[in-house]
Amino acid sequence: MIDRKRYRETFSHLRASPETRRRILDMEMKQNRRRPRLAPLALAAALVAVLAVTAMAAFSGTLKDWFAREWANRTGGEISEEQALVIDSLTEKVGESRTVGDVTVTVDSITVGSDTLWALVDVEGLDFAANARYTFGKMNVEVLSDPSEGAYGGASYSLGSIGLTESGAVRMLLEYDGIFSTANQLNAGGYTLELRLSDLTLHRSPGERDEVIYEGQWDFSIPLTESMLPTIAIDSAVVAIGAGAEEAEGTETASGVTFTLWDIRVTATGLSFYTAYSDDEAVERVQMAALSYLEVSVILSDGTEVSANSSGGSRTEDGGWYCTSQWPAPLNVEDIAALRIGETEIPIN
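Note that the coordinates shown come from a computational prediction; the quantities given were computed from them, not determined experimentally. In this convention, every chain numbers its residues from 1, walking through the sequence in written order. Side-chain atom pairs in this predicted model are given and counted only at pLDDT of 80 or more, local residue features only at pLDDT of at least 70, and totals for whole chains, interfaces and linings cover all residues. In computing side-chain properties, one takes all heavy atoms of the structure into account and sets aside hydrogens as well as water.

(A) Structural view of the overall build of the protein chain. Runs of E in the DSSP output that reach at least two residues are strands. Runs of H or I that reach at least four are helices, and both are numbered from the N terminus. Counting secondary structure elements, the protein chain contains 6 helices and 17 strands. Per-residue burial over the protein chain gives 52% buried out of 349 residues. In the protein chain, of all internal contacts separated by at least 6 residues, the share reaching a separation of at least 24 is 67%. All accessibility values rest on the Shrake-Rupley procedure with a 1.4 Å probe; residue burial counts only the protein chains present in the view. With the model as given, the accessible surface of the protein chain reaches about 16,200 Å², and the carbon-plus-sulfur share is 47%. Type-normalised accessible area, obtained with a 1.4 Å probe on protein chains alone, sets the label of each residue: buried when under 20%, exposed when over 50%, and partly exposed for intermediate values. The contact criterion used is simple: two residues touch if any of their non-hydrogen atoms lie within 4.5 Å.

Laid out in structure tokens, this is it:
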């Protein structure tokens, strides 16, 4: 029998869309029951690595181009002039390179939000194939000093190729999502992105072993500069969450579970809120299932509805939860007409 408690613990740190979570859960149920179990955090790291090299498509543009493409994929439309200005305000050129032997790795540019960041990373020096997928066999990505300040929290990241540049370098996209129950923001300044990338790797098809094509280690320390990030604050709201979520251990489905959320904050790059759990263990299991399938979206003034790209949560010291979600691209908060959290629409006045 599948260990759903292990998955609930894992999802408290793993940031993936509800659709991806369901696919992962379905895949696990089909696996041989004798397969060795991974510890929750190790499993989360493994899933992040898989997502990093399977979710990319051919691409060789700038970060703004990437966001425009993601926006078009989600909405069928183009980013507005105001939205493009927001992206520009959060993006800066880095241009730092490290060379080991024949291979040079360059952090081209970075976009920093409240608890998420994106970076373009170029790798050159070898003869790369346009239809191949590349990543690094070992990587460590962290932000210092710790925005969580030692409190409950976590972070996930992915790094994989999205195409070739005109010069033939592999262009990779780094996505980092943090869960900071302290509500600290990466764009506040004073933080540093630390990257340690080791062993350039060719990603094979499922079932085949990846191949290390160049050994080495490339380290970066990139200061995160301060930027303006307007915030919409909502004191509290009561929302219904969990339609269709399946709960384990003989309890009912989580459909119709209600939560009181407080300190809801919406920025150009995502949303965050706090919530509490019941002291009743059975009720808490149902609530946990609901948050595991949390669906969040933003509704713009032109009627466009955009679902969050990822969501995650972390326990707080009082036993409640701090939850965050990220938009697929930075947006103009002045365009937001409402939020949809679970089954509840919250108007923005």
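(B) Local environment of the pattern of salt bridges. A carboxyl oxygen of Asp or Glu within 4 Å of a side-chain nitrogen of Lys or Arg is what we treat as a salt bridge. The final tally for this structure, using the stated rule, is 10 salt bridges. As a salt-bridge pair, Glu 305 and Arg 340 come within 2.8 Å of each other at their nearest N and O atoms. Of this pair, Glu 305 sits in strand S13 (residues 305–307) while Arg 340 sits in strand S16 (residues 336–341); the two residues are 35 residues apart in sequence, bridging distant segments of the chain. Glu 305 gets classed as partly exposed once you look at its relative accessible area, which sits at 37%. Residue Arg 340 is classed as partly exposed on the basis of its relative accessible area of 26%.

(C) Fine view of the nonpolar core. In these notes, a set of buried Ala, Val, Leu, Ile, Met, Phe, Trp, Tyr and Cys residues joined through side-chain atoms within 4.5 Å is what counts as a nonpolar core. Counting residues in each nonpolar core, the largest one holds 50 residues, and the members touching the most others are Phe 259, Leu 271, Ile 336, Leu 339 and Ile 341. Here Leu 339 is in contact with Ile 234, Ile 264, Val 266, Leu 271, Ser 297, Val 298, Thr 344, Glu 345, Ile 346 and Ile 348, once residues within four sequence places are set aside. By size, the runner-up hydrophobic cluster in this structure holds 34 residues, among which are Ile 110, Val 112, Phe 128 and Leu 224.

(D) Geometry of the sheet that holds strand S14 (residues 310–315). Here, any two strands with at least 2 DSSP bridges between them count as paired. Pairing in this open sheet of 5 strands is antiparallel, and the strands run S9-S10-S11-S15-S14 from one edge to the other. On the outer flanks of this sheet lie strand S9 (232–241) and S14, each paired with one strand and no other. Across the sheet, the mean angle from the axis of one strand to that of its neighbour is 25°, orientation sign disregarded. Bridge analysis of S14 against strand S15 (residues 321–326) gives 6 bridges, and the strand direction is antiparallel. Looking at S15, one finds that Ser 311 is bridged to Ser 325. Axis definition: a line fitted to C-alpha atoms, over the contacting stretch in the case of helices. Angles run 0 to 180 degrees between N-to-C directions.

(E) Seen up close, the packing of aromatic side chains. When the centres of two rings from Phe, Tyr and Trp lie within 6.5 Å, Trp using its six-membered ring, the rings pair. Their planes under 30 degrees apart give stacked, over 60 give edge-to-face, and anything left gives tilted. In total, this model carries 4 aromatic pairs according to the counting rule given. Seen in terms of ring centroids, Phe 128 and Tyr 134 are 5.1 Å apart; in terms of plane orientation they differ by 80°. Their pairing is edge-to-face. Judged on exposure class, the residue Phe 128 and its partner Tyr 134 are both buried. Measuring from centroid to centroid gives 4.8 Å for Tyr 274 and Tyr 322, while their planes differ by 50°, and the two rings are tilted. With Tyr 274 in strand S11 (residues 270–275) and Tyr 322 in strand S15, this pair connects stretches of sequence that are 48 residues apart.

(F) Structural view of the side chain of Asp 108. Locating Asp 108 in the fold gives a position in strand S2 (residues 103–112). The buried category is assigned to Asp 108, whose relative accessible area is 14%. Whenever a nitrogen or oxygen atom comes within 3.5 Å of another N or O atom, the pair is scored as a polar contact, on the condition that within protein one atom can donate a hydrogen and the other can accept it, and that pairs from neighbouring residues in sequence are kept only if both atoms are in side chains. At a separation of 2.5 Å, a polar atom in the side chain of Asp 108 contacts the side chain of Lys 93. Those residues in contact with Asp 108 that sit more than four places away from it in its chain are Lys 93, Val 94, Gly 95, Leu 120, Asp 122 and Arg 171.

(G) Looking closely at the environment of Gly 95. Along the chain, Gly 95 falls in strand S1 (residues 91–100). Here Gly 95 falls in the partly exposed class, since its relative accessible area comes to 45%. A C-alpha to C-alpha distance of 9.8 Å links Gly 95 and Asp 122, two positions 27 residues apart in sequence. Among all residues touching Gly 95, those that are not within four sequence positions of it are Thr 106, Val 107 and Asp 108.

(H) Here's a closer look at the environment of Ile 234. Here Ile 234 is to be found in strand S9. Judged by its relative accessible area of 16%, Ile 234 is buried. A C-alpha to C-alpha distance of 5.0 Å links Ile 234 and Ile 264, two positions 30 residues apart in sequence.

(I) The packing of helix H4 (residues 63–75) against helix H5 (residues 81–90), seen in detail. Look at H4 against H5: their axes get within 10 Å of each other, and the N-to-C directions meet at 135°. Taken together, the axis directions place H4 and H5 in an arrangement best described as oblique. Viewed along their axes, H4 and H5 form a crossing whose handedness is right-handed. On the side of H4, the interface is formed by Lys 64, Phe 67 and Trp 71, while H5 contributes Gln 83, Ala 84, Ile 87 and Asp 88. Polarity classes work like this: nonpolar for Ala, Val, Leu, Ile, Met, Phe, Trp, Tyr, Cys and Pro, charged for Asp, Glu, Lys and Arg, and polar for all others, with Gly in that last group. Its residues assigned to classes, the contact of H4 with H5 comprises 4 nonpolar, 1 polar and 2 charged. For this classification, under 35 degrees means roughly parallel, over 145 means roughly antiparallel, 65 to 115 means roughly perpendicular, and everything else is oblique. Should the near helix be turned counterclockwise from the far one by less than a right angle, the crossing is left-handed, whereas a clockwise turn marks it as right-handed.

(J) A look at helix H6 (residues 281–292). The end-to-end C-alpha distance of H6 is 16 Å, a good match for the 16 Å that 12 residues give at a rise of 1.5 Å each. All buried positions along H6 are accounted for by Arg 285, Val 286, Gln 287, Met 288, Ala 289, Ala 290, Leu 291 and Ser 292. By this rule the span expected of a helix is its residue count minus one, scaled by 1.5 Å.

(K) The sheet that holds strand S8 (residues 211–224), seen in detail. Pairing is antiparallel in the open sheet, where 3 strands are placed in the order S4-S7-S8. The sheet terminates laterally at strand S4 (133–144) and S8, the two strands that pair on one side only. Each adjacent strand pair in this sheet contributes to an overall mean axis angle of 15°, direction not counted. The pairing of strand S7 (residues 191–203) with S8 spans 11 bridges and is classified as antiparallel. Looking across to S8, one finds that Thr 201 is bridged to Val 212.

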